[in-house]
Each structure stands twice: as C-alpha cells, then as structure tokens.
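Structural overview for review
Below are the chains, spelled out letter by letter.
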Amino acid sequence: DMNHFEIIETRVAQVRATLATLELDAFIVPHDDEHLGEYIPAYAERLDWITGFNGSAGLAIILAQRAALFVDGRYTVQARMQAPAELFEFLHLNEDPHVQWLAEQLPSGARVGFDPRLHSLAWYQSAKPILAERGIALVRVDENPIDLHWSDRPAPTKTPVILYSEELAGQSSQAKREMLASDLRKRGLDAVLLTQAEPINWLLNLRGRDVGRLPVVLGFAVLYANTSMDFFVDTDKIDCIAFTRHVGQDVSVYPIDKLGDVLQRIGEDQQKVLADPNTANAWTQLTMEEAGAILVAGQDPTMLPKACKNAVELAGMQRAHLRDGVAVTRFLAWLDRLIASGDYQDMDEGTLADRLEAFRREQDHYVEPSFDTISALGPNAAMCHYRHTNGVPRAFGQDSIYLVDSGAQYLDGTTDITRTVKVGEVTDEHKAMFTRVLQGHIALDQARFPRGTAGIQLDVLARMPLWQAGYNYDHGTGHGVGHFLSVHEGPQRIAPKGSLVALQPGMVLSNEPGYYREDAFGIRCENLVVVTELEQIGELPMLGFERLTYVPFDTRLIDRSLLSQAEFRWINDYHAEVYHRLSPLLEGEDLAWLEQATRLI
C-alpha cells in the first residue's frame, strides 16, 4: 500500500510525462472548476489530487524538475501538513504572484500549459503579456493532463434540479428574463453570457444539490436580447415538461457539451455579447471572440437585482432566521447545561459542531449547512477560518472562550451567525476585548446613511472601538448573503477595501467585527442585517439596517465599565426582542435558559 507521499509523487510523475509529450515546460493547476465560483464539486478538486492540499484557495505549478504550491496566509500551516515538502516549494498566493514567478523560472522559448476552462479571461489577458515579454508562450490544453490520470475521479452528481416556486422566489423567471433582456436592448447588446451558478439559478428560479453548501444546479446560459435563453446543463437532472411549465416559454435546454457549438454560432453571427472577464472562464469568451463575436466586458447584470431581495424573499429570510435562532439558542442552552454538569469528557470541537447541526436538522425546511462550521475553542479561535476537520479537534473543558461561526441553508433563506461564549474562567482582558468587538457591532448596526453610500464608507464604524484602544482585525466586516443561495454574495460588501457598490434596500449583509490574538483566543460577533429605508427625520431620506438574526450575546463576557448608556440600551432592547421572538418557540429548560440569557444588564 503506497503512502501519501508516494501517491502524490506518482501523480506528479504521470502529469510530467504528459507535459513532455505535449512539449510543455510547465502546467498551472488552479483551485477552480469551469464556473469559477467559490465552492467547487468533488470532481473538480484537481489541486487536491496533485498536491494533497485541500484548502479552499490555492494554485500549483508543475515544472519538469520542480513544483510549487501557492497558498494564502490562512493555509500556510495546513499546506505544509498536507503537501509533501520533498515535492513542492511553498509560496504566498498574494505576495508571490505566480505568473511573475513562472516568468522568472523559465527560459525564453518555454511553453506554459493551462486549461482555459479553469481560468478567467481577465487572468489570461494579464498573464499572456507578462510571459510573452520573456519569450514564453501560454498554451491552451484541450484536455486537462490531470483528468487523463485521475482514475478514481468522483462522478458529477445526478440529483434532480429543484424547481424553485414563485411563492418562495417572489418573481417569475419570465419577469426576470424580460427585465434583463430589455436592459440588453437599451445597451445595444445581442446577448449576455452567464457562467456562474448563482446568477443562472436565480434567473431561472432553480436550485440543486450539485455542490456541498451551495444549493445550485451547475450549468451555463446565454440570454438573448429577445428574452429567449439557451441553458446548458446535465439534461438527466431535468424533466423537460415540468421544467418548461416552470420557467415559461423561450428557454432551450442543451446538454453541456453543446456549449461550444452555440458559442461558435454566436460568434459567426458577429453578435455583441456582454460577458464578465473576471468571472467567466477564458475558453467561453475566446471561443466566441475567435469565431467573430464582439465581446463587451461588464459586470454580470444579474448581480444587483439578485442582491436586492424582493418582499417575498425577505419574508422567507426572516422566517428562516427565526427557526435558525431557535436552533442556535437551544444549542447555547445545551452547552451551558453541559458545562454545569461537568460531564464533557468526550466532547470536542467536532462533537459540538455536530450537536449544533442536530438542532438545525429538527427545523422545518432545513437543507444543509451554508458553509463548514467554524467550531473553535481557545487558541483555535484566533484563526479566522479555522476548520476542526483539518487536524485533531481540540478537546472541550480546558479553555475560557468558544467561538462558533455557522449557518444553514433553508428552503426559504440562508443564515450565518457567530457567537463567542464563556466556557471556562475568563479574564478582564477577555471581557474588554469582547466588549470592544460588540461595541463595533452595535455601532454598525445603528448606522444611518444616505443613498449612494457604499460598505467601504461604513467599515470604520465597526473598527472604531478597537482602533481607539490600539487593536484591529484582519478581515472584512460584512459580506453579502444570498436567498437560499450562496452565503457569500456580491457585489455588496463592508470592508476597508474592495467593493464601491452603493448599499441598496433589500441587500442582506453580515455585521461581523472580531478580534484575534495568536495562540490565545479569538472573538467574533455576527448577525445578518438587511438594508432598509428609514423613516425620514431630517432633510434627507436615509437608509439603515434591520436585523435578521435574533440570538442572545453572552452578557457574561461584557465589561460594563466600557459601555455607554446608548450601548446598554441597545443590548437590553436587542435581548428584549430576542426574548419576544423566541420565547413562544421554546419550552422547559431551553426557555428558562433564554429568560436568564436575555435578562437586563
């Protein structure tokens, strides 16, 4: 039986042999599938196959004699644990740009292979000149060398598509397509290429189970200015009669392997096609362009309408969050009873995460987690994207605080919540830091802002209490959240850099400041909020946030000497509302726990 190192060594050797026959000096392996989305299905985990590294972000380059693995700061430790150091040198994804690195490794006349389905057009357009300047050619491969050797490659799922009803979506697919098509006509465009799962699922009112954590069916689509649409999907997943009845006329379904032919035809008709070079793969756009299409670069036009939830979607989000609040509150009550009993010898981060999911499974319309639960005790919480599944889960009972960041996909909405709770003896320092994080959370929650304000302008509110004391956190403050779609949704964001898109009514965002001290502890306080129009009091109409998440914060971690009167009032008002909403849905010990957890402070 070969060990891990020998397996990876054999695979690298097989790929090198293929590169030699193709006369390639290097091959690039990104962590992506054809849709370039955040989550990828098992059959696309090529980076894991060739390196052994299974983090969510990274890239490998296989050269004739050497190989390199590029990962970001979240994964430096994990990469060294998983990928054999005898085979790979480790580099930083952001600080060592991989194309620049390649240009420096190879001589003039070298040929670098890449799979154009797994890289964006923007990547190709920026990489090509950097390599060309050194006399290095960037060569498209028709068949990925990894796929040739991956004998036990998982098959794509065949789960039938979910026809997502208008009762849940709030708008027919026909109405959505007409809105986008009329926009195409105004801009003098013939079509738009859609390659990412969430926009296509939103537009056709579909969902699916093709990728863990993301309830979508994978496919490609072209929407034309006359409102007709071509949809490319594994046709085994679709009952054509029910599908047509669901989406309305004008949607033609093709097997995925017909995509090239249709893109070719669009090119031959010299159509003007809108495509997003940052999110659509190079192959789709080059196929059209080389056949004669005129590509117009622009953001995917579904992004804003998808982000601005309609009244039906928001009502679904509120219902989903109420059920989720019951599940998380029952978990926190159970956790306190566990500590009081002293009977937690067999408990660890993994068993805690499983228990939380068990409470969620009892709720109506529960489908699956919306991301891998971050269940982090003590020093593990200092890693913002910690996963207990990557090593040995830490045993319960030796730490002061526990951070749990989790979420769920329900048929009527997506949730994401973080609570940091006392599970042992806490210090004044723990309390002071928790309080500052909560103060930042409160400040952002209370923000009022005029139309046209972007998240980048509000980010400082959540950091100010930490900044004043000389601290900060190294992640964004808020990401967009989809409606029974991706838990990470653009274009809206609250962060110190990045999106300049104005926040608009109906957008759902997270409010999650934090604080992390390496090898010691981590704190994060997260609710989801929706942008809403406020009652006008002064000269200008203002927007603000309405909360979706109602679960107690741990008042045992608050340092009251740091709070203002307004902050005391916010905490008490929030807890009164939590009690008001959740008490009718809880009973017995759980209700008794809620009563004391929401007591006035």
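Above this text you will find the structure in question.
This report concerns the structure included in the present document. (Residues numbered from 1 in each chain as written. Predicted model: local features only at pLDDT ≥ 70, side-chain atom pairs only at ≥ 80, totals over all residues. Heavy atoms only, no water.)

Here we look at the packing of aromatic side chains
- In this structure the tally under the stated criterion is 18 aromatic pairs.
- Considering the side-chain rings of Phe114 and Tyr124, the 5.5 Å spacing of their centres and the 20° angle between planes classify their relative orientation as stacked. In this pair, Phe114 sits in strand E5 (residues 111-114) while Tyr124 sits in helix H5 (residues 121-132), placing the two residues 10 residues apart along the sequence. Per residue, the accessibility class of Phe114 equals that of Tyr124, and both read buried.
- Here Phe553 and Trp570 contribute two aromatic rings whose centre-to-centre distance is 6.3 Å and whose plane-to-plane angle is 45°, an arrangement assigned as tilted. Residue Phe553 is located in the loop between strand E28 (542-547) and helix H18 (565-582), and its partner Trp570 is located in helix H18; the two are separated by 17 residues in the primary sequence.
- Trp570 sits in the buried class, given a relative accessible area of 5%.
- Grouped by ring-pair contacts, the aromatic residues Tyr550, Phe553, Trp570 and Tyr574 constitute a single cluster.
- In this structure, Arg207 is placed above the aromatic ring of Tyr164, and the distance from its NZ or CZ to the ring centre is 4.2 Å. (Phe/Tyr/Trp six-rings, centres within 6.5 Å; stacked < 30°, edge-to-face > 60°. Helix = DSSP H or I, 4+ residues; strand = E, 2+ residues; numbered from the N terminus. Buried < 20%, exposed > 50% of the residue type's maximum accessible area, 1.4 Å probe, protein only. Lys NZ or Arg CZ within 6 Å of the ring centre and 35° of its normal.)

A few points about the nonpolar core
- If you look at the biggest cluster of nonpolar residues, it comprises 65 residues, and the most contacted ones within it are Phe331, Leu335, Tyr402 and Phe545.
- Beyond its immediate chain neighbours, meaning those up to four positions away, Phe331 contacts Leu352, Arg355, Leu356, Phe359, Tyr402 and Val404.
- Ranked by size, the runner-up nonpolar core spans 42 residues in total, among them Val161, Val233, Ile238 and Val487. (Core = buried A, V, L, I, M, F, W, Y, C linked by side-chain atoms within 4.5 Å. Contact = heavy atoms within 4.5 Å.)

A short note on the pattern of salt bridges
- Inspection of every chain in the model, using the stated rule, returns 33 salt bridges.
- Where Arg187 meets Asp183, a salt bridge forms, and the shortest distance between an N and an O atom there is 3.6 Å.
- You can call Arg187 partly exposed: its relative accessible area is 41%.
- The salt bridge involving Asp445 is made with Arg547; its shortest N-O contact spans 2.7 Å. Of the two residues, Asp445 is situated in helix H16 (residues 428-445) and Arg547 in strand E28; the sequence distance between them amounts to 102 residues. The same class applies to Asp445 and to Arg547, which are both buried.
- The network of salt bridges with common partners includes Arg330, Arg337, Glu362, Glu589 and Asp590. (Salt bridge = Lys/Arg side-chain N within 4 Å of Asp/Glu carboxyl O.)

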